[in-house]
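Observations on the model geometry
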Amino acid sequence: MYPPHLVAPMKDDLLSAGFDDLSTAQKVDEVMQNAEGTMLVVVNSVCGCAAGAARPGVKAALAQSGIKPDKLVTVFAGVDLEATARMREYLLPYPPSSPSIGIFKDGELVHFIERHHIEGRSAQMIAQHLEMAFEEFCEKA
């Protein structure tokens, strides 16, 4: 487990963009059991591809897209262990992967970006991928 002071800036990177921090398994269950509309889930991580591609790509997609998910939530792998384990149950059949990004619609996983689809790609490529997914799965405002 990583020290909280080390990961605080990495958590804040998404929280400052409007994400809710699901730091316990109970919070994950509450959000998932009451899921209506669309929800973007980011499994955050300390790795370089989270810092260089996943988080900036997610934030760019949200800033650039006219269509956005209704709710934004995040868990932090290696930090919020129980919350991450519980979220990964909702992300099945995909194997554990961090960072990773999922889109749920009315509680059903409809789109998932695994770590191997993030590694080696630019933040702009991740943003473009997400913008297309938002257009496909999210309601227009």
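Up top you'll find the structure we're talking about.
Residues numbered from 1 in each chain as written. Predicted model: local features only at pLDDT ≥ 70, side-chain atom pairs only at ≥ 80, totals over all residues. Heavy atoms only, no water.

1. Observations regarding the overall build of the chain
This is how it is decided: Helix numbers and strand numbers start at the N terminus; a helix is a DSSP run of H or I with at least 4 residues, a strand a run of E with at least 2. In this description the radius of gyration comes from C-alpha coordinates, and the expected globular size is given by 2.2 Å times residues to the power 0.38. Only protein chains enter the accessibility calculation, which uses a 1.4 Å probe. A residue is then buried if its area is under 20% of the maximum for its type, exposed if over 50%, and partly exposed in between. Two residues qualify as a contact provided that any one of their heavy atoms is within 4.5 Å of a heavy atom in the partner residue. Surface accessibility follows the Shrake-Rupley procedure with a 1.4 Å probe radius. Residue values consider only the protein chains on display as shielding. The convention is simple: Lys and Arg are positive, Asp and Glu are negative, and His and the chain ends are not counted. Charge placement uses NZ in Lys and CZ in Arg. For Asp and Glu, CG and CD serve respectively.
From N to C terminus, the chain includes five helices and five strands. From first element to last, N terminus to C terminus, the chain shows the α and β order α-β-α-β-α-β-α-β-β-α. For 141 residues, the compact-globule estimate of 2.2 N^0.38 gives 14 Å, and the chain sits close to it at 14 Å. If you line up the chain on its principal axes, its C-alpha atoms span 40 × 35 × 30 Å. Across the 141 residues that make up the chain, the buried fraction comes to 50%. Of the contacts made within the chain by residues no fewer than 6 positions apart, 73% connect residues no fewer than 24 positions apart. Summed over all atoms, the accessible surface of the chain reaches about 6900 Å², with 51% contributed by carbon and sulfur. Between the centroid of the 12 positive side chains of the chain and the centroid of its 19 negative side chains there is a distance of 5 Å.

2. What about empty space enclosed by the protein?
Basically, it comes down to this: Throughout, the protein atoms alone are placed on a 1 Å grid, and a set of points is a cavity if a 1.4 Å probe fits but cannot get out or a pocket if it is open with protein on both sides within 12 Å along at least five of seven lines; lining residues have an atom within 4 Å of a point. Grid points are joined across faces, edges and corners, and a volume is the space filled by probe spheres set on the points. Side-chain classes are defined by residue name, with Ala, Val, Leu, Ile, Met, Phe, Trp, Tyr, Cys and Pro counting as nonpolar, Asp, Glu, Lys and Arg as charged, and the others, Gly among them, as polar.
Counted under the stated rule, the structure contains one cavity of 30 Å³ or more. In this structure, the largest cavity spans a volume of roughly 40 Å³. Around the largest cavity, the lining residues are Val43, Arg88, Leu91, Tyr94, Pro95, Pro96, Ser97, Ser100 and Phe112. By residue class, the composition of the lining of the largest cavity is six nonpolar, two polar and one charged.

3. Some points on helix 1 (residues 4-15)
Residues that lie three or four places apart on an α-helix share one face, since the helix turns once every 3.6 residues. Rules: The reported arc concerns the directions from the helix axis to the C-beta atoms and nothing else.
Taken residue by residue, helix 1 has Val7, Met10, Lys11, Asp13 and Leu14 as its buried positions. Taken down its axis, helix 1 places every buried residue within 145 degrees of arc, on the same side. Exposed residues lying more than 90 degrees from the buried face of helix 1 are Pro4, His5 and Pro9. Where the residues of helix 1 are buried, they touch strand 1 (20-21), strand 2 (38-44), helix 3 (48-64) and strand 3 (71-76).

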